[in-house]
Amino acid sequence: MERTFVMVKPDGVQRGLVGEIISRLEKRGYKLVGLKMLRLTPEMAERHYAEHRGKPFFPGLISYITSGPVVAMVWEGKNVVAAVREMMGATDPQKALPGTIRGTYGIDIGRNVVHGSDSPATAEREINLFFSPEELVAYERNLDVWIYE
Ligand code: IDP
């Protein structure tokens, strides 16, 4: 089964959207296999967003993502990487479709509430950056027969 890395960003935590975001993924049928709250150090933030180093918004992005605690999660399920991207909506909340997380709760691109990996390879890198293997919990869910055919 595919896994993805999801993070409720500091604005999402401050605004009380942790439960809402977890609830949407749970209700869709995805399985939560890892969860922790932490505050990113600048070093960790720069590793996580290494692809954006040098861009004009990079310093602001690092100060935003380290400005308060985040909730880091690993979710599992069929096609979960792409599905979470769709459920989050476009990076810029102004362009995110109504009903998506960012299209419902966001206005500015630099306060877009949530992160989700953009590919399975990125997911693996991000999961390894935030979680050790023993922090990820494998378990059976009886209700899976009602979610997967
Ligand atoms: P993603 O989060 O949808 O994968 P990326 O392009 O990887 O989008 O950008 C990472 C994060 O950097 C975005 O979620 C957003 O918080 C921030 N970001 C991207 N572009 C801008 C910008 O033009 N101004 C401010 N922040 C930006």
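Criteria and thresholds
Residues numbered from 1 in each chain as written. Predicted model: local features only at pLDDT ≥ 70, side-chain atom pairs only at ≥ 80, totals over all residues. Heavy atoms only, no water. UniProt positions renumbered as here; feature names shortened; annotations may be inferred. Helix = DSSP H or I, 4+ residues; strand = E, 2+ residues; numbered from the N terminus. Buried < 20%, exposed > 50% of the residue type's maximum accessible area, 1.4 Å probe, protein only. Contact = heavy atoms within 4.5 Å. Polar contact = N/O pair within 3.5 Å; in protein donor to acceptor, adjacent residues only side chain to side chain. Pairing = 2+ DSSP bridges.

A. Local environment of the UniProt feature "binding site: ATP" (unreviewed entry) in the chain. UniProt tags Lys9, Phe57, Arg85, Thr91, Arg102 and Asn112 as "binding site: ATP" (unreviewed entry). In this fold, Lys9 is placed in the loop between β1 (3–8) and α1 (10–14). Since its relative accessible area comes to 5%, Lys9 is described here as buried. If we skip the residues at most four places from it in the chain, Lys9 touches Tyr49, Tyr64, Ile65, Pro69, Val70, Arg102, Asn112, Val113, Val114 and His115. Separated by 3.5 Å, the side chains of Lys9 and Tyr49 make a polar contact. By secondary structure assignment, the location of Arg102 is in helix α6 (residues 101–105). Contact partners of Arg102, with chain neighbours within four places excluded, come to Lys9, Met88, Gly89, Ala90, Thr91, Pro93, Ala96, Asn112, Val114 and His115.

B. Main features of the pairing of β1. A large share of β1 lies buried, amounting to five of its six residues. For β1 and strand β3 (residues 70–76), the ladder comprises six bridges, and the chain directions are antiparallel. Counterpart to Phe5 in the pairing with β3 is Val74.

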